[in-house]
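A closer look at the structure
Take a look at the letters that make up each chain.
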Amino acid sequence: MYFDETFDVIVIGAGHAGCEAASAAARLGSETALVTINLDLIGQMSCNPAIGGIAKGHIVREIDALGGIMGRVADRTGIQFRLLNRSRGPAVQSPRAQADRALYRTEMRRVLEATPNLHFRQGFVVRLIVDNKQVIGVEMQDTRRFGAKAVVVATGTFLNGKIHTGNRNYSAGRAGEPASIELAQNLKELGFPVGRLKTGTPPRLDGRTIDWDAFEEQRPDEKPVAFSFATESISQKQINCHIGYTNQALHDDIRANISKSPLYSGAIKGIGPRYCPSIEDKVVKFGEKDRHQLFLEPEGHDTNEVYLNGFSTSLPADLQQDLLRRIEGFEEVRIIRPGYAIEYDFVDPRELRPSMETSRIKGLFFAGQINGTTGYEEAACQGLMAGLNSVFHVEQREPLVLGREEGYIGVLVDDLIRHGVDEPYRIFTSRAEARLTLRHDNADLRLSPKGREAGLVDETDWERFNLRRDRIARLRNTLDNVRFKRSDSEYAAASQLLGCDLGDSVTLSQLAQRRGVNTELILKLLPPEAQAETNERDLQTALADSLYSGYIKKHDKATARVNKHDNLRVPKTFKFNAISGLSNEMVERIERAQPSTFGQVRKISGLTPVALSTVLVHLTAEKAKA
C-alpha cells in the first residue's frame, strides 16, 4: 500500500493524552507524528484551566517521576498553587495549580516543537488502516495516508461528539471544533464495543462585570508546592481566586425550568460524571441543600475571562445569565461563553491490555477519554503509558506495566481493564489500597528508576534523583538513631511543647509520630551536619515514612485477612443498604453487581478498602448468626 509518509508511531489527538504520548514516543527515539485537527490548539484546556487536585496531583507527580512533561509545563504556567488537604495526613495531601490557559497551551507546544523526532501534521483522521489484525497506518480526510508501526488514539470528546445547550444540539468535538464522525464509525466497523458518555462545562464570565468584593478571597500558598521534582521554585506572579455560593432563589428558578435541561428532557443519553455534576443535577439530587459552592477562577494574567467552577450546565444560554444574576456580586454579570454539555463515544476499556494496547488489533493503543476516563491528569498518564509502550511494541520490548501497589497510574489502568466503566472514571485516593505509601512526595522514589530504565529520565534528572535519594536515606538513618534521654535539654523542650511524658528516651522518628510535631521542630533537633544538607521537601518525605510505618504494617495484615475470605457466601436476603458506614455510592455499586460471595464483592470496581472491611465484618456476623 502506498503511503505519503511513514512514521514509527502516529498519535491521533493533541490533548493531554496525545501530548504525553507523542513526547514519550519521540524522546525514546521513534519517528513520531502528532496528528490533530488544529495545531493552534495543542494542549488546550477544554474545561477547567487547572492541573492537579485530590489524587490527580499524585498522578501528575508520577507522570513527572517517569519522565513525562505535564508537571513541568504546569509549573511554568501556574498562576495559583495550593496544596489541598494540608491539614490532613501527607498521604492525602495533593498539589493543585490554576494555570494561565493560553500560556499553558503555548508552553506545551513549545516543549513539543523542541522535541527531536516529533513531527506535527494537521488534519482529520477518518480511518485506521489495518492489515491482518495489525494497524499499519491512518487515512486522512484530505486523502493523505500515513504509515506507522503503531498508532495511539487519543481523541478526547471528539468521537461522534454532540454539544447540548438547552433544546439545541449540534455535532462538535468541543465548542467551535468539528466532531470526528468517520473515525468513530470506523472503530465500530472494526468491532470495538462503543458506548456513550457525557461531560459538561460551566459558563465563562467577563471579570469586568463581576463585583469582586461580594466574594470571599482565596489566596495562593505562600510557598508553592511544584509538580515537577526538577522545579526548584515558582517565580511567576500568582493571583487570587474567589469563592461564592448559589442560593435558594436560583435553585427555585432551576427547578421551574428543569424541562429546558437536556439532562432531564431525555435529549442526553450518555452517562455523566458522578463527581462533577451539573448545577441542575446538584439542585435536583441534593434538594436538602440551600446553597452550593462556586469558585471564580481567572483564566490568565492577560484576560478578563473567568471560569465559574461548580456551575457546569447545559441549560439555555439566556437562562444561564438570568440564573447567575440571582447571585450577589453577579447582578451585572455578562457571559463570554455559555456552558454546555457534550456527549461522545468511548470504547469499553476491557478491550485493552495492561500496556494500553488493544487486544483486538496489534499495535493500536487507546489513551484518555476514549477509555471512559474524565480529567486531564487521568488522560495524560494514559498517554504517557501508551506512548512509551507503543515504542516498546515497535522495538519488540516487554511493555512497562505498573502494579496497583506501585502507583496511582497502576490503580487507574487496572481498574479500567479489569472492570470497565459505567460512568466517566475519575481517580481518588480511596481507590488505592496502598495509598499510605503512594504519596505525592515520594513519587520519584517509587517510579523514577522505572522511568530511567524505560529511557525517559535523562542524565540531569537521574543525577538529581540519586542525590535526593541518598540525602533521604541518610536522613532516615539520622531520624532512627538520634535519641534523647530525660537528662537532655532537647527532651525537656519537646516534652514541654507537647505537654506529655515521652518515656525514658525517644528517637526523632518516634517523636515525629506524635501529634503536634512539625517539620520545623524536627529540623531544629537534627544534628548540625544533618541540618546543613536537609531541605524541607526531603524532611517531609522522611517524616511521612516514619509517621505511616505502623499503619502500613496494620494495613498489610488487614489486607491479608480480607483476601482470605473470598468464599464467604452473601445470603440472598442480605441488605447492603442496612450497613452503617457504607455510602450510597458503594451500596449502589454492590447491589448492581449482585455478588454471591465476598470474593465477588472484592472485585467490584470503586469499592474502597474501608468499605470492603466493613462488608466483611457484617457478612462474618451474619454467618455467625446462621
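Whatever comes next refers back to the structure up there.
Let me sum up the structure you'll find in this document. This structure is a prediction, so every number in the text was calculated from the model and none was measured.

What follows deals with the nonpolar core. Of all hydrophobic cores here, the largest spans 102 residues; its most connected members are Ile10 and Val151. For this core, the leading source of residues is helix 10 (residues 376-394), giving 10 residues. For Val151, the contacting residues outside a window of four places in its chain are Ile10, Ile12, Leu128, Val135, Val138, Gly363, Leu364 and Phe365.

Below, the discussion takes up helix 6 (residues 248-256). Taken as a whole, helix 6 has its buried residues at Leu250, His251 and Ile254. Within helix 6, the buried residues cover an arc of 100 degrees as seen down the axis, which keeps them to one side. Those residues of helix 6 that are buried are in contact with helix 8 (279-285) and helix 9 (317-324).

Counting buried positions along strand 8 (residues 134-140) gives 5 out of 7 residues, so the element sits mostly inside the fold. Note: strand 7 (residues 125-131) against strand 8, 6 bridges, orientation antiparallel. Bridge pairing in strand 8 links Leu128 to Val138. Following strand 7, the chain reverses through 2 residues before pairing antiparallel with strand 8; Asn132 in that reversal takes a positive phi of roughly 55 degrees. As defined by bridge partners, strand 8 adjoins strand 9 (residues 145-153) across 3 bridges and the pair is classed as antiparallel.

Let's shift gears to the sheet that holds strand 16 (residues 293-298). The 6 strands are arranged 14-15-16-17-13-18 in an open sheet whose pairing can be described as antiparallel. Two strands lie at the open edges of the sheet, namely strand 14 (216-218) and strand 18 (335-337), each paired on one side alone. With strand direction ignored, the average angle separating the axes of adjacent strands in the sheet is 35 degrees. Sheet topology note: the strand 13 (residues 204-206)/strand 18 ladder contains 2 bridges and is antiparallel. Residue pairing for strand 18: Arg204 is matched across the bridge by Arg337. Against the sheet, helix 9 contacts strand 13, strand 17 (305-309) and strand 18, and its axis sits at roughly 140 degrees relative to strand 18.

A complete count under the given rule lists 56 salt bridges for this structure. Here Arg72 and Asp461 are joined by a salt bridge, their closest N and O atoms 2.4 Å apart. With Arg72 in helix 3 (residues 70-77) and Asp461 in helix 13 (residues 459-481), this residue pair connects regions lying 389 residues apart in the sequence. Residue class for Arg72 comes out partly exposed when judged on its relative accessible area of 23%. In this structure, the salt-bridge partner of Glu299 is Arg101, at a minimum N-O distance of 2.5 Å. With Glu299 in the loop between strand 16 and strand 17 and Arg101 in helix 4 (residues 101-113), the pair connects residues that are 198 residues apart, well separated along the chain. Considered together, Glu299 and Arg101 belong to a single accessibility category, that of buried residues. Here the residues in one salt-bridge network are Arg274, Asp422, Glu423, Glu585, Glu588, Arg589 and Arg592, joined through shared partners.

The subject of this paragraph is the packing of aromatic side chains. A ring pair, where both rings are aromatic, is described by two values, the distance of the centres and the angle of the planes. Enumeration according to the criterion identifies 6 aromatic pairs in this entry. Ring geometry for Phe81 against Phe227: centres 6.3 Å apart, planes inclined by 50 degrees, an arrangement best described as tilted. Here Phe227 lies in the loop between strand 14 and strand 15 (241-245) and Phe81 lies in strand 4 (residues 78-84), a separation of 146 residues in the sequence. Considering the side-chain rings of Trp462 and Phe465, the 5.1 Å spacing of their centres and the 20 degrees angle between planes classify their relative orientation as stacked. Placement of both Trp462 and Phe465 in helix 13 is noted, with a separation of 3 residues, approximately one turn of the helix. Both residues of the pair, Trp462 and Phe465, count as buried. Above the plane of the ring of Phe229 lies Arg61, whose end atom (NZ or CZ) is 4.7 Å from the centre. Cation over ring: Arg360 sits above Phe192, and NZ or CZ is 5.5 Å from the ring centre.

Rules used in this analysis
- Residues numbered from 1 in each chain as written.
- Predicted model: local features only at pLDDT ≥ 70, side-chain atom pairs only at ≥ 80, totals over all residues.
- Heavy atoms only, no water.
- Core = buried A, V, L, I, M, F, W, Y, C linked by side-chain atoms within 4.5 Å.
- Buried < 20%, exposed > 50% of the residue type's maximum accessible area, 1.4 Å probe, protein only.
- Helix = DSSP H or I, 4+ residues; strand = E, 2+ residues; numbered from the N terminus.
- Contact = heavy atoms within 4.5 Å.
- Arc of directions from axis to C-beta.
- Pairing = 2+ DSSP bridges.
- Axes fitted to C-alpha atoms, helices over the stretch in contact; angles between N-to-C directions.
- Salt bridge = Lys/Arg side-chain N within 4 Å of Asp/Glu carboxyl O.
- Phe/Tyr/Trp six-rings, centres within 6.5 Å; stacked < 30°, edge-to-face > 60°.
- Lys NZ or Arg CZ within 6 Å of the ring centre and 35° of its normal.

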